[in-house]
Amino acid sequence: MTLHSTWADIFSGEKRQNWEAWKKACADAGEKEVADYWTDCAECSGCVHIDGDWCTFANLPCTVNPVLTVKANIIGMACCGSAYTPAQLELAFEEDICSSW
């Protein structure tokens, strides 16, 4: 992957591996802010499907919308927002509290 790889290049074959290679190419070329822009996953914050900057639901980077990004180079949500599922907070109860009920 190079800094100027196309979306088709990045998402052919091993998508996540290619994505990581593209981000590294950006850093190596001194264009870290480009990678930072495309990895700002604020819209997906708290979703159960987020894994770093990757959407496990859509199997795409969180900011790469399959329509908007590929056709118009516009940042978006990989799942188009339809699969956003907030992670639930896990409540931890101490054993002695629960056993007294």
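Our subject is the structure that appears above.
Residues numbered from 1 in each chain as written. Predicted model: local features only at pLDDT ≥ 70, side-chain atom pairs only at ≥ 80, totals over all residues. Heavy atoms only, no water.

Novice: How would you sum up the overall build of the protein? Please name residues and give values.
Specialist: Helices and strands together make up the secondary structure of the protein, namely 5 helices and 3 strands. Along its sequence from the N terminus, the protein presents helices and strands in the succession α-α-α-β-β-β-α-α. In the protein, which comprises 101 residues, the share counted as buried stands at 30%. Of all intrachain contacts in the protein linking residues separated by at least 6 positions in sequence, the fraction that spans at least 24 positions is 40%. In the form shown here, the protein has an accessible surface area of approximately 6,700 Å², with 55% of it arising from carbon and sulfur atoms. (Helix = DSSP H or I, 4+ residues; strand = E, 2+ residues; numbered from the N terminus. Buried < 20%, exposed > 50% of the residue type's maximum accessible area, 1.4 Å probe, protein only. Contact = heavy atoms within 4.5 Å. Areas by Shrake-Rupley, 256 points an atom, 1.4 Å probe, with all protein chains shown as cover.)

Novice: A description of empty space enclosed by the protein should follow, citing residues and the corresponding values.
Specialist: In this structure the tally under the stated criterion is 1 cavity of 30 Å³ or more. Approximately 60 Å³ is the volume found for the largest cavity. If you go around the largest cavity, the residues you meet are Cys 44, Cys 47, His 49, Ile 50, Cys 55, Phe 57, Cys 62, Met 77, Cys 79, Ala 83 and Tyr 84. Of the residues assigned to the lining of the largest cavity, the class counts are 10 nonpolar, 1 polar and no charged. (1 Å grid on protein atoms, 1.4 Å probe; cavity = no way out; pocket = protein on both sides within 12 Å on 5 of 7 lines; lining within 4 Å. Points joined across faces, edges and corners; volume = space filled by probe spheres on them. Nonpolar A, V, L, I, M, F, W, Y, C, P; charged D, E, K, R; others polar.)

Novice: So what's going on with helix α2 (residues 15–28)? Which residues, and what values?
Specialist: In this model α2 runs 20 Å from its N-terminal to its C-terminal C-alpha over 14 residues, within 8% of the 20 Å that 1.5 Å per residue would give. Buried within α2 are the following residues: Asn 18, Trp 19, Trp 22, Lys 23, Ala 25 and Cys 26. Summarising the axial view, the buried residues of α2 lie within an arc of 155°, below the 170-degree limit, and thus occupy one face. Projecting away from the buried face of α2 at angles above 90 degrees are the exposed residues Gln 17, Lys 24 and Asp 28. (Expected span 1.5 Å × (residues − 1). Arc of directions from axis to C-beta.)

Novice: Can you break down the sheet that holds strand β1 (residues 50–51) residue by residue, with the values?
Specialist: Spatially, β1-β2-β3 is the arrangement adopted by the 3 strands of the open sheet, whose pairing is antiparallel. Looking along the sheet, the strands with just one partner apiece sit at the ends: β1 and β3 (60–61). Two strands pair when backbone bridges link them, and β1 and strand β2 (residues 54–55) are joined in this way by 2 bridges, in the antiparallel orientation. Looking at the pairing, Ile 50 lines up with Cys 55 of β2. (Pairing = 2+ DSSP bridges.)

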